[in-house]
Amino acid sequence: MNNFTFQSPTNIIFGRGNENTVGSEVRKYSKKVLLHYGGGSIKKSGLYDKVVKSLKEAGVEFAELGGVKPNPRLSLVYEGIDLCRKNGVDFILAVGGGSVIDSAKGIAMGVLYDGDVWDLYMRKGVANKALPIGTILTIPAAGSESSPSSVITKEEGQLKIGIGYEFIRPQFSILN
């Protein structure tokens, strides 16, 4: 093995079965979260049931928003922002790959931003905070699980734009 030093502000939690500890990880940050995921593979694989069980055992309430597609859509980000605001959510748990995590980052910024979150991506506004995020990564090497970046697609015009803020870097990422 080659010698190396690795440092990341994101707490990376590696290992078999660690998805079962997500409730206690989330509880360090919040009692009410948005569970955000994609098209249903987490339900087919049984991961959804494990996450829900862990959240409930830790006493964490959650709203949920599925339906993230590759090249995450601005319309779903808007839906997530509204859902978080209406439900008093103060943490986002993204379970999936890079698209789910990028969507969660957009939502996290939008909840606390007074304007249109798309303005941030278009560089017409500046964010200075976001809701904290945690992730359970379902595909290897997405990168979004520990990065300060997000890429969102605006359906109208098919504009795909990225943004980067240190405060959208996930607090923790579970990698099984």
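Peer 1: How should the overall build of the chain be read in this particular structure?
Peer 2: Secondary structure assignment for the chain yields six helices and eight strands. Over its C-alpha atoms the chain spans a radius of gyration of 15 Å, differing by no more than 12% from the 16 Å that the globule rule assigns to 176 residues. With the C-alpha coordinates of the chain rotated into their principal frame, the extents come out at 45 × 40 × 30 Å. Residue burial in the chain is summarised as follows: out of 176 residues, 50% are buried. Across the chain, every contact between residues at least 6 apart in sequence was considered, and the portion connecting residues at least 24 apart equals 77%. Total accessible area on the chain is roughly 8900 Å²; 49% of this is exposed by carbon and sulfur atoms. A distance of 3 Å separates the average location of the 21 positive side-chain charges in the chain from that of its 17 negative side-chain charges.

Peer 1: What is the right way to look at the pattern of salt bridges in this model?
Peer 2: Note on pairing: side chains with opposite charge can pair once their charged atoms come close. Tallying each qualifying case throughout the model produces four salt bridges. Between Lys50 and Glu19 there is a salt bridge; the shortest N-O distance is 3.5 Å. Here the residue Lys50 occupies a position in helix H3 (residues 47-57), and Glu19 occupies one in the loop between strand E1 (11-14) and helix H1 (22-27), the gap between them amounting to 31 residues. According to the relative accessible area criterion, Lys50 is partly exposed, its value standing at 38%.

Peer 1: Where do I start with helix H4 (residues 74-87) in this structure?
Peer 2: Between its terminal C-alpha atoms H4 stretches 20 Å, which fits the 20 Å expected from 14 residues at 1.5 Å a residue. By the burial criterion, the buried members of H4 are Leu74, Leu76, Val77, Gly80, Ile81 and Cys84. The buried residues of H4 all sit within an arc of 155° when viewed along its axis, so they share a single face. Looking at the buried residues of H4, the elements they touch are strand E2 (32-37), strand E3 (61-65), strand E4 (92-96), helix H5 (98-112), helix H6 (117-121) and strand E6 (149-154). Phi for Gly88, located one or two positions after H4, is positive at around 65°.

Peer 1: Looking at this structure, how should I read the nonpolar core?
Peer 2: One recurring pattern in soluble globular proteins: nonpolar side chains tend to sit buried together. By size, the foremost hydrophobic cluster in this structure holds 35 residues, and its most contacted members are Leu34, Ile92, Ile107, Met109, Val117, Leu120 and Tyr121. Of all the secondary-structure elements, those providing two or more residues to this core are E3, H4, E4, H5, H6, strand E5 (133-137) and strand E7 (159-164). In terms of residue count, the dominant contributor to this core is H5 (seven residues). The residues touching Tyr121, leaving out its near neighbours within four places in the chain, are Asp102, Gly106, Met109, Ser150, Ile152, Ile161, Gly162 and Ile163.

Rules used in this analysis
- Residues numbered from 1 in each chain as written.
- Predicted model: local features only at pLDDT ≥ 70, side-chain atom pairs only at ≥ 80, totals over all residues.
- Heavy atoms only, no water.
- Helix = DSSP H or I, 4+ residues; strand = E, 2+ residues; numbered from the N terminus.
- Rg over C-alpha atoms; globule rule 2.2 N^0.38 Å.
- Buried < 20%, exposed > 50% of the residue type's maximum accessible area, 1.4 Å probe, protein only.
- Contact = heavy atoms within 4.5 Å.
- Areas by Shrake-Rupley, 256 points an atom, 1.4 Å probe, with all protein chains shown as cover.
- Lys, Arg positive; Asp, Glu negative; His and termini not counted.
- Charge placed at Lys NZ, Arg CZ, Asp CG, Glu CD.
- Salt bridge = Lys/Arg side-chain N within 4 Å of Asp/Glu carboxyl O.
- Expected span 1.5 Å × (residues − 1).
- Arc of directions from axis to C-beta.
- Core = buried A, V, L, I, M, F, W, Y, C linked by side-chain atoms within 4.5 Å.

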